[in-house]
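Commentary on secondary and tertiary structure
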Amino acid sequence: MILHNELTQKDIEKMKEELEYRIGVLRPQILEEVKFARSHGDLSENFEYKAAKQERGKNESRIRFLNNMIKTAVIIEDKSAEDEVGLFDKVTYYIEEDNEEETVMIVTTMRHDALMNIISKESPLGMALFGKKVGDKVRVEAGDGYDVVIRKIEKGEDDGGLSIRKY
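Our subject in this report is the structure included herewith. Predicted model only: the values in this text are computed from it and were never measured.

Some remarks on the overall build of the chain
Broken down by element type, the chain carries three helices and seven strands. Moving toward the C terminus, one meets the helices and strands of the chain in the order β-α-α-β-β-β-β-α-β-β. A principal-axis box enclosing the C-alpha atoms of the chain has dimensions of 70 × 30 × 30 Å. Buried residues in the chain amount to 37% of all 167 residues. Long-range pairs, those at least 24 residues apart, make up 58% of the contacts in the chain between residues at least 6 apart in sequence. When the 27 positive and 35 negative side-chain charges of the chain are each reduced to one mean point, those points stand 7 Å apart.

Encoded structure:
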């Protein structure tokens, strides 16, 4: 079963740029490093050779990942109304049980960074908030679940400034 990631055109462009760099620049560099390290003799005790091969494996893995993401992606656009939560919007919400307010930005799966309060629209919180309006009380289905009330929506747009995630 193939899962399709919903990605923006900018997500695809950023992945293609990284793919070109990894294939056209990084792959030849790493290949030279492997050849150079191999020339040092005994491969069983050659740390540089093992490290270079490991780096080659990481690069090839990332190339496969990016190719697969591009090949299986479904291109989406933000079609949210001005008064509802959509992609790249900052949403301030109130967590009733904790008596706290938090703000997150809603993005695609390739751009999320939980440490920066940038969450995927596919995350439990993202799914609960997406498409909702200020004043809506929504249930977040994570663990035992919890309720939040949307207090503010700041409309955003994909300016290309957010990096794509590493894995």
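Picking up where we left off.
Notes on the layout of surface pockets
The computed volume of the largest pocket comes to approximately 170 Å³. Surrounding the largest pocket, Thr8, Gln9, Lys10, Ile76, Glu77, Asp78, Leu87, Phe88, Gly156, Glu157 and Asp158 form its lining.

A word on unusual backbone geometry
In most cases, non-glycine residues show a negative phi, while peptide bonds are predominantly trans. Despite not being glycine, phenylalanine 88 shows a phi value in the positive range, around 70 degrees. One non-glycine residue, asparagine 99, lies in positive phi territory at about 50 degrees.

Section: the pairing of strand E7 (residues 146–154)
The side chains of a regular strand alternate between both faces of the sheet. Across six bridges, strand E3 (residues 90–95) lies against E7 in antiparallel orientation. Residue pairing for E7: isoleucine 95 is matched across the bridge by valine 148. In this antiparallel pair of consecutive strands, strand E6 (residues 137–140) and E7, the connection spans five residues, and glycine 143 shows a positive phi of 60 degrees.

Re a negative patch on the surface
A contiguous patch of negative charge, built from Glu97, Asp98, Glu100 and Asp144, is present on the exposed surface. Mapped onto the elements, aspartate 144 comes out in the loop between E6 and E7. On the accessibility criterion, aspartate 144 (78% relative accessible area) is exposed.

What counts, and where the lines are drawn
Residues numbered from 1 in each chain as written. Predicted model: local features only at pLDDT ≥ 70, side-chain atom pairs only at ≥ 80, totals over all residues. Heavy atoms only, no water. Helix = DSSP H or I, 4+ residues; strand = E, 2+ residues; numbered from the N terminus. Buried < 20%, exposed > 50% of the residue type's maximum accessible area, 1.4 Å probe, protein only. Contact = heavy atoms within 4.5 Å. Lys, Arg positive; Asp, Glu negative; His and termini not counted. Charge placed at Lys NZ, Arg CZ, Asp CG, Glu CD. 1 Å grid on protein atoms, 1.4 Å probe; cavity = no way out; pocket = protein on both sides within 12 Å on 5 of 7 lines; lining within 4 Å. Points joined across faces, edges and corners; volume = space filled by probe spheres on them. Pairing = 2+ DSSP bridges. Patch = residues over 30% accessible without salt bridge, like charges linked within 9 Å, V, L, I, M, F, W, Y side chains within 5 Å. Areas by Shrake-Rupley, 256 points an atom, 1.4 Å probe, with all protein chains shown as cover. Salt bridge = Lys/Arg side-chain N within 4 Å of Asp/Glu carboxyl O.

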